[in-house]
Amino acid sequence: MMRSLWTAASGMNGQQFNIDTISNNLSNVNTTGFKQVRADFEDLIYQTSRIAGTPATEDTVVPTGIQVGHGVKVAASQRMFTQGSLQNTGNESDIAIQGEGFFRTLQIDGSYGYSRDGAFKIDSNGQLVTSKGNKVLPEVILPEGFIRESFAISQDGRINVKLPGSDDPVDVGQVQLFRFVNPAGLQAIGENTFKLTSASGDPIGGRPGFDGMGKVYQKFLENSNVSVVKEMVNMIVAQRAYELNSKAIQTSDSMLGIANNLKR
């Protein structure tokens, strides 16, 4: 069987993965805090018929070798943690991060989750939680009967509210951010949440605006960093590459047919 059939088939499989990745990016173009994913590829092993530098005569060597490749494979799906644009929502419990950092949340299984999605809510206990009801850590519990309109978060994460009958704000908590040496090594688990891995490194906690952490902005949310135009161009390129690989399979099949019919 001709090698080109399998080589071109690997190219079609690779471009199918590329299209799947692009489709996921486009489907999350309006997902708060979503980060674009890029498919990376690498070539497969080579069959070497002649090694460069092989002696040709007593005084000369072959300047170039003879190698033929076996196609392509997916090397990685790289998540791009570039900053998304901020959108003013007017909602007091919405928080956006400008710069590095993740919010930490407590998952149902007791583990920690990390997210850029700051669309938080205030539950019946006055606690700051995610849309799924997971607690934001460190825990922020607002006092009973606080004035909703007085709920304020500074850029360094301090949370203040006012109580009825008092004009002085009360400090009720601190928003803390966490960053990683290699955020691309985080594992996405859905629901706008990541979990740490050995590749991401341990979380480094700190106050917003200090020690390399980004600032937080109340009444804002971070939009997805997906560029629709860029993804559409990538889709066209992937589609054409898929088509070219399919043409290579058709051409190889035609050549096999010609060779098979030579004796007729």
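Definitions and limits used
Residues numbered from 1 in each chain as written. Predicted model: local features only at pLDDT ≥ 70, side-chain atom pairs only at ≥ 80, totals over all residues. Heavy atoms only, no water. Axes fitted to C-alpha atoms, helices over the stretch in contact; angles between N-to-C directions. Helix = DSSP H or I, 4+ residues; strand = E, 2+ residues; numbered from the N terminus. Parallel < 35°, antiparallel > 145°, perpendicular 65-115°, else oblique. Left-handed = near helix turned anticlockwise from the far one by under 90°. Nonpolar A, V, L, I, M, F, W, Y, C, P; charged D, E, K, R; others polar. Expected span 1.5 Å × (residues − 1). Buried < 20%, exposed > 50% of the residue type's maximum accessible area, 1.4 Å probe, protein only. Phe/Tyr/Trp six-rings, centres within 6.5 Å; stacked < 30°, edge-to-face > 60°. Lys NZ or Arg CZ within 6 Å of the ring centre and 35° of its normal.

Participant: If you had to explain the packing of helix H1 (residues 3-27) against helix H2 (residues 228-260) to someone new, which residues and values would you point to?
Facilitator: One can describe the packing of H1 onto H2 by two numbers: an axis separation of 9 Å at closest approach and a directional angle of 160°. Taken together, the axes of H1 and H2 lie roughly antiparallel to each other. The hand of the H1/H2 crossing is left-handed. Of the residues that constitute the contact of H1 with H2, the class distribution is 16 nonpolar, 11 polar and 2 charged.

Participant: Which residues make up H1, and what values go with them?
Facilitator: The end-to-end C-alpha distance of H1, which contains 25 residues, comes to 37 Å, matching closely the 36 Å that a straight helix rising 1.5 Å per residue would cover. Burial in H1 covers these residues: Leu-5, Ala-8, Ser-10, Gly-11, Met-12, Gly-14, Gln-15, Asn-18, Thr-21, Ile-22 and Asn-25.

Participant: Could you give me a rundown of the packing of aromatic side chains, with the residues and numbers involved?
Facilitator: Any two aromatic rings considered together are summarised by their centre-to-centre distance and by the angle between their planes. What the rule picks out here adds up to 8 aromatic pairs. Between Phe-81 and Phe-194 the ring centres are 5.6 Å apart and the planes differ by 55°, which places this aromatic pair in the tilted class. Here Phe-81 is found in the loop between strand S4 (72-79) and strand S5 (86-88), whereas its partner Phe-194 is found in strand S17 (residues 193-195), with 113 residues between them in sequence. Pairing Phe-102 with Phe-194 gives two aromatic rings, centres 6.1 Å apart and planes at 75°, and the pair type is edge-to-face. Here Phe-102, found in the loop between strand S6 (95-98) and strand S7 (103-106), pairs with Phe-194, found in strand S17; they are 92 residues apart in sequence, far enough to count as distant. Just as Phe-102 is buried, Phe-194 falls in that class too. Taken together, Phe-81, Phe-102, Tyr-114, Phe-178, Phe-180 and Phe-194 form an aromatic cluster joined through their ring pairs. In this arrangement the basic side chain of Arg-104 is found over the ring face of Tyr-112, its NZ or CZ atom lying 4.1 Å from the centre. Stacked on the ring of Phe-178, the Lys or Arg Arg-104 has its end atom at 4.0 Å from the ring centre.

Nothing here speaks to function; it is geometry throughout.
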